[in-house]
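# Fold and contact review
If you want the building blocks of each chain, they are given just below.
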Amino acid sequence: MAAVMTMTKEGWCLKTHRGSKFNKRSERRYFKLEGFNVAYFKKDTLADRTGKFDLRKVTEISACAGEDSDADLVLVLPGKRICVKFEADAEAWKTLMCSAAAQSAVAADLQAYHSEELHAAFSGTYAAQKGVSSASVLKYTSGASFLTSPRAETPKATAPKPAPAPEAVAPAARSLAPKSRDVEPEAVATTAAAEYATEAPAASPIPAEEAPAAPAASPRKEKKSPRKSKTKAAPAPAPEPAPVSSAASDEELEANRKEWYNFAMENKDLQMAKELYVGHEEEARVKALEAEAATGCAAAGDADLEAARVEWLEFHVKAGEYEDALQMCVDDKDYALVHDAQEANRGEWLAHSLASEDVYSAGNYAVTEEELAAVEDLKIKKELKAGNYGKAKKLAKTPAQHELVDASEEAARKVWLDYHTQAGEFKEAGKYTVSDGEAAALKAAEAAYHESERATTFEAALAAGKYEQAKKLASGEAELAQLDAKREADRKEWFNYSMDTGDFKNCYVYAISEEEEAAVKAAEEAYPEKCRVEWLTFYLAESDWKHARDLCVTEAEYADVDAKQAAQRKANIAAAKEAGDFKKAAKLAEADDEKDDVAQAEEAHTEKSRQDWLSYYIEVSDYSKAVGMCITPEEEAGVDEKFEAKRVAYVAEMCKQGKFHVAKQYALNEEEIAKCDEHEEAQQEASRLEWFDFYLCECKFDKAGELACTTEEFARVGAEESSFNEKCRLEWLSHHTAKGDYVSALGLVVSSEEQDELKSTMETYRVEHLKYYMEIKDYAKAKSTACTKEELAAIDEVAPPKTGWFGLF
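Here the structure is a predicted model, which is why all the values come from computation and not from measurement.

### Comments concerning the overall build of the protein chain
- Summing up its helical and strand segments, the protein chain has 32 helices and seven strands in all.
- Taking all 809 residues of the protein chain together, the buried fraction comes to 32%.
- The long-range share in the protein chain, meaning contacts at least 24 apart out of those at least 6 apart in sequence, stands at 44%.
- Of the roughly 49,700 Å² of accessible surface on the protein chain, a fraction of 54% belongs to carbon and sulfur atoms.

This is the structure we're talking about:
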């Protein structure tokens, strides 16, 4: 019993595997019990934790039966059922677990293991122990989050934003000024209530319902249960301590105690309420508040917190974060929601693993008999797909599985039989025959295959001219006749080829009749003349006139050669003139008219070149070379005229670009220089006016004054500067007024109307702030804002009396 009373224990146990029956499948885990919390690991070094649960959440502990009969205990929790068999010290394990659980959860046959003394020790020692999740979370991946859908990446669910606790919101400043206001303006003292002058508010407050709520924290950054981090509404200001009075009466002390007691109950301050309660009625209220805090039930004032808990629960379920979702559960409905979502996700991954033929993953996801059977079928199909029929037969356990293996093996046999038959591997194909019909069909296919090979080889030998091989392969009179016809056709083809190429020796070999021999003799006699004509034609095409004449034998052939040679010479002269090679053209010319024609073409070419160079020198403004190309006074005068026009145009262009010093360099008389000066003065005046207008637009009045030259321009500068200063004064006056800066605004006032308007605005701000401070019950600031006796009296009527906490003691 001493070991049991330690309320901690460790040891190896067998447990069910993910909801399956214990007798069918179990796994060995190292269990560690510490108080109400039980965790189990893969190793006794407490590494690789695979699960955990809280004995306070156990709804039933009973003995095992049926398919779980080999186990010692069955523990039922919300969303989880665990069967456990202890390898050693089973009695101590049973006593610890049954005593830690509620007595109502222990079955009748195990009541002997429930110790009231030990249960009280658990409750006293581990009352504040933090609970752990009691749901079955399948750790299929090494990541922190649970598995998502295999078909598509599950986007992160949008984090719900629980409603924040209502808080008093300070008045927002108006955004009228160019910059935000940070400091409240000085008070506006009126003559009627100067003695009550206080600090005025900065701006009009915004209504309480329009005050922006503080944003909720993102659940992705800080994962805390809303139940564990309740945010209460901001309490009303605590009663101020009353001044210590040594002569305080019992009635005053009791009134002070009740006020503080009511304050503690209103703000759910359990510690203060326990210290201040008196009587059974107040004690009952304190115990009710304590029970509400212990059970975590959401009271009427916690409606927003309950809604936030539900939002967090739905968020974690949608994101696949089931461990965190279980922290949000408070009843069986919530646990069932998490369990159903987790189970649906497991089923989806199981279907995906089966579809992708991932046997290992599918085995991890399978739980039910049907799912395990589907995994076994997948194993068999994969072995059949790989051709491992022996392994598949060993895996097959049901008649349907054996039929599947036999059918797959028979289909594979037929496929291999057909393959070897089509490949001509008849010896291998014979290994796959199982009947006389298949053997006969295989023999017929083998005979047809050999006949096809013979016919194909015969055609190949015939096409290659291997007549002896073709004769050996020939079968029947038809193929022999085909062989003779092919041999005769080839002989005639070679006979004609030898005759065309002048190989008369072979021609006599291929000739088999007197007519063919006579044709060979006639062709042999005519062959030299045929070759002479062909070579003559070739030399004429190549313009080889010497060799062409050597082959001529008739006057007509000589005349033809001379005519073609003369035509070629004239074509060469024309090509030389076109290329400007007159020296070559003169060398080719033979007749006087040809020589004169070449000389005229050369003169025309020279004149055209001179004119082209003259135009070029004028274009590039090279006067000396342009004049050097002239041959008549008229041409020189034309050059002078063109150069003068170019000079005048250049001077005008330089003036247009503002390069007056360059323009004056090319000016030839005083008139042109004067025009350049006029252009320069006009451009400077235009620039002055442009800069003058620019400085006025930029409000740089000092620089604009430096450029002013006339009385009108000086007057314009003064008017623009006065207008700008007045505009700035009005803008700053508006800014300081909106900000509530009375002193700065008053320094900009220039008329009594503006001063009266400023005082009215500041008074409006003060009244609005006074009203706001009264609404939020900040009576200290309200008094500092009040300016009249009536306002101070109104504040005193609603302000709570000042009492002191220390006045009770």
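Text resumes after the structure shown.
### Here we look at the packing of aromatic side chains
- Taken as a whole and assessed by the stated rule, the structure comprises 27 aromatic pairs.
- The interplanar angle of 90° and the centroid separation of 5.7 Å between the aromatic rings of tryptophan 494 and tyrosine 497 together place this pair among those described as edge-to-face. Placement of the pair is tryptophan 494 and tyrosine 497 together in helix H16 (residues 477-500), with a separation of three residues, close to one helical turn.
- Overall, the relative accessible area of 48% leaves tryptophan 494 in the partly exposed class.
- Judged by centre distance (6.5 Å) and plane angle (20°), the rings of tryptophan 494 and tyrosine 510 are stacked. Here tyrosine 510 lies in helix H17 (residues 504-510) and tryptophan 494 lies in helix H16, a separation of 16 residues in the sequence.
- A connected cluster of aromatic rings, assembled from ring pairs, spans Phe31, Tyr40 and Phe53.

### Describing the environment of cysteine 531
- Looking at the secondary structure, you find cysteine 531 in helix H18 (residues 514-541).
- Judged by relative accessible area, cysteine 531 falls into the partly exposed class, the value being 22%.
- With 29 residues separating them in the primary sequence, cysteine 531 and glycine 502 have C-alpha atoms 10.0 Å apart.

### Side note on the sheet that holds strand E1 (residues 8-16)
- Taken in spatial order, the seven strands make up an open sheet running E4-E3-E2-E1-E7-E6-E5, and their pairing is antiparallel. The sheet terminates laterally at strand E4 (49-54) and strand E5 (60-62), the two strands that pair on one side only. Between one strand axis and the next, the sheet turns by 30° as a mean value, whatever way the strands run.
- The pairing of E1 with strand E7 (residues 80-86) spans three bridges and is antiparallel. Bridge assignment links leucine 14 to a residue of E7, and that residue is lysine 85.
- Strand contacts of helix H1 (residues 90-100): E1, strand E2 (26-34), E5, strand E6 (73-77) and E7, with the helix running at about 95° to E1, the strand carrying the most contacts.

### Describing a nonpolar patch on the surface
- There is a patch of nonpolar side chains on the surface, built from Trp613, Tyr616 and Val620 and spanning about 310 Å² of accessible area.
- Relative to the helices and strands, tyrosine 616 resides in helix H22 (residues 592-619).
- The partly exposed category is assigned to tyrosine 616, whose relative accessible area is 41%.

### Overview of the pairing of strand E3 (residues 37-41)
- Of all five residues in E3, five are buried, a share of seventy percent or more.
- Here E3 shows a buried face lined by Asn37, Ala39 and Phe41 and a second buried face lined by Val38 and Tyr40.
- Summarising the sheet, E2 and E3 pair through five bridges and their orientation is antiparallel. Among the inter-strand pairings, leucine 33 is bridged to a residue of E3, identified as valine 38.
- Linking E2 to E3, which pair antiparallel, is a turn of two residues; within it glycine 35 sits at a positive phi near 65°.

### A few points about the environment of phenylalanine 643
- Structurally, phenylalanine 643 can be placed in helix H24 (residues 633-656).
- With relative accessibility at 14%, the residue phenylalanine 643 sits in the buried group.
- For the pair phenylalanine 643 and isoleucine 618, spaced 25 residues apart in sequence, the C-alpha to C-alpha distance is 7.3 Å.
- Discounting residues that sit within four places of it in the chain, phenylalanine 643 has contacts with Tyr617, Ile618, Ser621, Asp622, Tyr623 and Ala626.

### Here's the deal with the pattern of salt bridges
- One pass over the full model with this rule turns up 49 salt bridges.
- A salt bridge links glutamate 290 to lysine 274, with the nearest nitrogen and oxygen atoms 3.2 Å apart. Taken together, the residues glutamate 290 in helix H5 (residues 279-295) and lysine 274 in helix H4 (residues 270-276) connect sequence positions 16 residues apart.
- Accessibility expressed as a relative area gives 32% for glutamate 290, which makes it partly exposed.
- Taking the shortest distance from any N to any O, the salt bridge between aspartate 562 and arginine 549 comes out at 2.4 Å. Here aspartate 562, found in helix H20 (residues 555-579), pairs with arginine 549, found in helix H19 (residues 545-550); they are 13 residues apart in sequence, far enough to count as distant.
- Residue classification places aspartate 562 among the partly exposed positions, given a relative accessible area of 37%.
- Residue classification places arginine 549 among the partly exposed residues on the basis of a relative accessible area of 28%.
- Beyond isolated ion pairs, a larger network of salt bridges with shared partners links Lys15, Glu27 and Arg29.

### A closer look at the packing of H1 against helix H2 (residues 116-125)
- With their axes 8 Å apart at the nearest point, H1 and H2 run at an angle of 65° to one another. Viewed along their axes, H1 and H2 form a crossing whose handedness is right-handed. For the pair H1 and H2, contact is made by Thr95, Leu96, Ser99 and Ala100 and by Leu118, His119 and Phe122, respectively.

### Examining the nonpolar core
- Within the largest apolar cluster, 30 residues are counted, with the highest numbers of intra-cluster contacts made by Phe31, Phe53, Leu55, Ile61, Leu75, Met97 and Phe122.
- Counting residues per element, the ones that place at least two in this core are E2, E3, E6, E7, H1 and H2.
- The biggest single contributor to this core is H1, with five residues.
- Within the second largest apolar cluster, 12 residues are counted, among which are Phe315, Met328, Tyr335 and Val338.

### Quick word on the packing of H24 against helix H26 (residues 670-697)
- In contact at an axis separation of 10 Å, H24 and H26 are set at 20° when each is read in the N-to-C sense. Here H24 lies roughly parallel to H26, going by the angle between them. Helix-helix and strand crossings are classified by hand; for H24 and H26 the assignment is right-handed. Touching Arg647, Val648, Val651 and Cys655 of H24 are Glu672, Cys676 and His679, all from H26.
- Across the contact of H24 with H26, the residue classes break down as four nonpolar, one polar and two charged.

### Let's talk about the side chain of glutamate 594
- Inspection of the secondary structure puts glutamate 594 in helix H22.
- Within the local environment of glutamate 594, its side chain forms a polar contact with the side chain of arginine 569, the two groups lying 2.8 Å apart.
- In contact with glutamate 594, not counting residues within four places along its chain, are Arg569, Lys570, Ile573 and Ala589.

### Thoughts on unusual backbone geometry
- Positive phi, normally seen in glycine, also occurs at methionine 7, with a value near 60°.
- Structurally, the position occupied by methionine 7 is in the segment before E1.
- Taking relative accessible area as the criterion, methionine 7 reaches 8% and is therefore assigned buried.
- Unlike most non-glycine residues, glutamate 357 shows phi in positive territory, near 60°.
- Note on placement: glutamate 357 falls in the loop between helix H8 (332-355) and helix H9 (359-365).
- A relative accessible area of 31% places glutamate 357 in the partly exposed class.

About the criteria used
Residues numbered from 1 in each chain as written. Predicted model: local features only at pLDDT ≥ 70, side-chain atom pairs only at ≥ 80, totals over all residues. Heavy atoms only, no water. Helix = DSSP H or I, 4+ residues; strand = E, 2+ residues; numbered from the N terminus. Buried < 20%, exposed > 50% of the residue type's maximum accessible area, 1.4 Å probe, protein only. Contact = heavy atoms within 4.5 Å. Areas by Shrake-Rupley, 256 points an atom, 1.4 Å probe, with all protein chains shown as cover. Phe/Tyr/Trp six-rings, centres within 6.5 Å; stacked < 30°, edge-to-face > 60°. Pairing = 2+ DSSP bridges. Axes fitted to C-alpha atoms, helices over the stretch in contact; angles between N-to-C directions. Patch = residues over 30% accessible without salt bridge, like charges linked within 9 Å, V, L, I, M, F, W, Y side chains within 5 Å. Salt bridge = Lys/Arg side-chain N within 4 Å of Asp/Glu carboxyl O. Left-handed = near helix turned anticlockwise from the far one by under 90°. Core = buried A, V, L, I, M, F, W, Y, C linked by side-chain atoms within 4.5 Å. Parallel < 35°, antiparallel > 145°, perpendicular 65-115°, else oblique. Nonpolar A, V, L, I, M, F, W, Y, C, P; charged D, E, K, R; others polar. Polar contact = N/O pair within 3.5 Å; in protein donor to acceptor, adjacent residues only side chain to side chain.

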